[in-house]
Amino acid sequence: MSMSEQKTLKQQVTLLELVDRVLNKGVVVSGDITLSVADVDLVYVGLRVLLSSVATLEEPRERISTAGAAL
Amino acid sequence: MITPAATAPLRRNELGWYLYGVAAAGEASAPLARLAAGGAQEVELVAEGPLVGVASRVSLQEFDEAALPERLRDATWLEEKIRAHEQVLERVLEDASIVPCRFCTVYRSEVELRRFLSERREALQAALDRVRGKVEVGVKAFIDRDRFAVAQAKQNDDIRQLETQVSTAEGGRAYLKRRRLEQRVAAELDGFRGEAADRLHTRLLAAAEDGLSLPLQAPELSGREEEMVFNGAYLVTADRAAFEEALALLGRDFRDDGVDLELTGPWPAYNFVPEELGPE
């Protein structure tokens, strides 16, 4: 794995760490706002999308299948 | 950049407010200039009484509820917005305490944002008081099976004997002995996981203001091949000295068993604010 690929992977890992907090935690405001995030399983949706983009960078098949199982 | 509401009726394609979090008015005045100077996000502080909303004007079309499912499928969009959300909160956190909002908290107008800040003042101030002067850190523990097996051989007579038998046996017998050894180490590991998690959480909690044991992450999320045995979040004083000392001691204790600890943060206190803050 080259240095640049390592860096990319590390950035993606940090992103996934972020997803867990930004999409999953923090105050949810209900009421008259544009988005009703409480009704959307953001973590599920977000991780699917982002993991498949990580998987594309890595060994495609294997990672996608294990990622799917984890969700 | 925005048409004053007085001269034009609000339309769906106009700008709304993306709320990153809420801070105390006195504390959060300083970072504004720096955030604006950063250029990546035009962040404004919307002051309402003793509180300020840390917010950006955003296109309501981009953040509309109807458009959300499609946006969420766009990895580039999602990553950009998630990073921006965190980046803004981290900048504010350098100087002020903040109650972080969930991703994509978007108000149609400044009036609605202000109404929220004013109507939920008490709950917001209570949430702010809880995290004032504190940050969240994450602690994860990973176990290296090979190092765990080596440690077990040192501590456990049965396992040491099995290892000797494996090294002296030949052919099919060696295979069977090796399988027995592996099974024995796996059984020890099963017991060790829960015990290690309990010990870590108890000792870290004692060095923190508050703490939570979170679900373990699969290797795809942790980014490490080793198995995660503990995932915790802690609310700690901003200087973190006592907590980091406790963590360093634990790190030394656990290293011999093949366990490595990973510290993340400081984070805004995502795990230590009320989840729901709706109308009363």
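Predicted, not measured: the structure shown is a model, and the values here were computed from it. (Residues numbered from 1 in each chain as written. Chains lettered and ligands numbered in written order. Predicted model: local features only at pLDDT ≥ 70, side-chain atom pairs only at ≥ 80, totals over all residues.)

1. Digging into the overall build of chain A
At step 1: The helix and strand tally for chain A stands at 3 helices and 0 strands.
At step 2: For chain A, the sequential pattern of α-helices and β-strands runs α-α-α.
At step 3: For chain A, the proportion of its 71 residues judged to be buried stands at 37%. (Helix = DSSP H or I, 4+ residues; strand = E, 2+ residues; numbered from the N terminus. Buried ≥ 20, exposed ≤ 12 C-beta atoms within 10 Å, placed from the backbone.)

2. Details of the overall build of chain B
At step 1: For chain B, the helix and strand inventory stands at 10 helices and 9 strands.
At step 2: Taken across its 280 residues, chain B has 35% of its residues classed as buried.
At step 3: Sequence-distant contacts in chain B: of pairs separated by 6 or more residues, those separated by 24 or more amount to 78%. (Contact = placed C-beta atoms within 7 Å.)

3. Structural notes on unusual backbone geometry
Residues and elements named next belong to chain B.
At step 1: Residue glycine 265 is joined to proline 266 through a cis peptide bond whose omega torsion reads 5°.
At step 2: On the secondary structure map, proline 266 appears in strand S9 (residues 259–267).
At step 3: Unusually for a residue other than glycine, cysteine 104 sits at a positive phi of about 65°.
At step 4: On the secondary structure map, cysteine 104 appears in the loop between strand S4 (98–100) and strand S5 (106–107).
At step 5: Although it is not a glycine, arginine 240 sits at a positive phi angle of roughly 65°.
At step 6: One can find arginine 240 in the loop between strand S8 (227–237) and helix H10 (241–255).
At step 7: Residue classification places arginine 240 among the partly exposed residues on the basis of 19 C-beta atoms within 10 Å.

4. Quick notes on the domain arrangement of chain B
Residues and elements named next belong to chain B.
At step 1: By domain assignment, chain B separates into domain 1 (15–130) and domain 2 (136–272).
At step 2: Taking the mean C-alpha position of each, domain 1 and domain 2 sit 37 Å from one another.
At step 3: With 6 residues of domain 1 at the interface, the matching set in domain 2 holds 5 residues.
At step 4: For the side of domain 1 that touches domain 2, the secondary structure elements donating two or more residues are helix H3 (75–95) and S4.
At step 5: Across the side of domain 1 that touches domain 2, the residue classes tally to 4 nonpolar, 1 polar and 1 charged. (Domains from an automatic or database assignment. Nonpolar A, V, L, I, M, F, W, Y, C, P; charged D, E, K, R; others polar.)

5. Brief notes about the pairing of strand S1 (residues 15–24) of chain B
Residue and element names in this part refer to chain B.
At step 1: Burial analysis of S1 places 9 of its 10 residues in the buried class, the great majority of the element.
At step 2: Bridging between S1 and strand S3 (residues 51–59) involves 9 bridges; their strand directions are antiparallel. In the strand pairing of S3, tryptophan 17 is matched with arginine 57.
At step 3: Pairing between S1 and S5: 2 bridges, direction antiparallel. If you follow tryptophan 17 over to S5, its bridge partner there is tyrosine 107.
At step 4: Bridge count between S1 and S4: 3 bridges; the pairing is antiparallel. Residue glycine 21 lies in a different strand from S4, and its bridge partner there is proline 100. (Pairing = 2+ DSSP bridges.)

6. Quick notes on the pairing of S8(B)
All names here are of chain B.
At step 1: Of all 11 residues in S8, 8 are buried, a share of seventy percent or more.
At step 2: Examined bridge by bridge, strand S6 (residues 134–143) and S8 share 10 bridges and lie antiparallel to one another. For valine 139, the partnering residue across the bridge sits in S8 and is glycine 232.
At step 3: Note: strand S7 (residues 210–213) against S8, 4 bridges, orientation antiparallel. Counterpart to leucine 212 in the pairing with S8 is alanine 233.

7. Details of the confidence of the model for chain B
Residues and elements named next belong to chain B.
At step 1: Put simply, chain B has an average pLDDT of 86, and 88% of its residues get 70 or more.
At step 2: Every residue in residues 1–10 scores below 50 in pLDDT, and together they form 8 contacts with partners more than four places removed in sequence or on other chains.
At step 3: Scored below 50 in pLDDT, residues 36–40 shows 4 contacts in the model against residues more than four places distant or in partner chains.
At step 4: Taken together, the chains of this predicted complex give a pTM of 0.81 and an interface ipTM of 0.75. (pLDDT = per-residue confidence, 0-100.)

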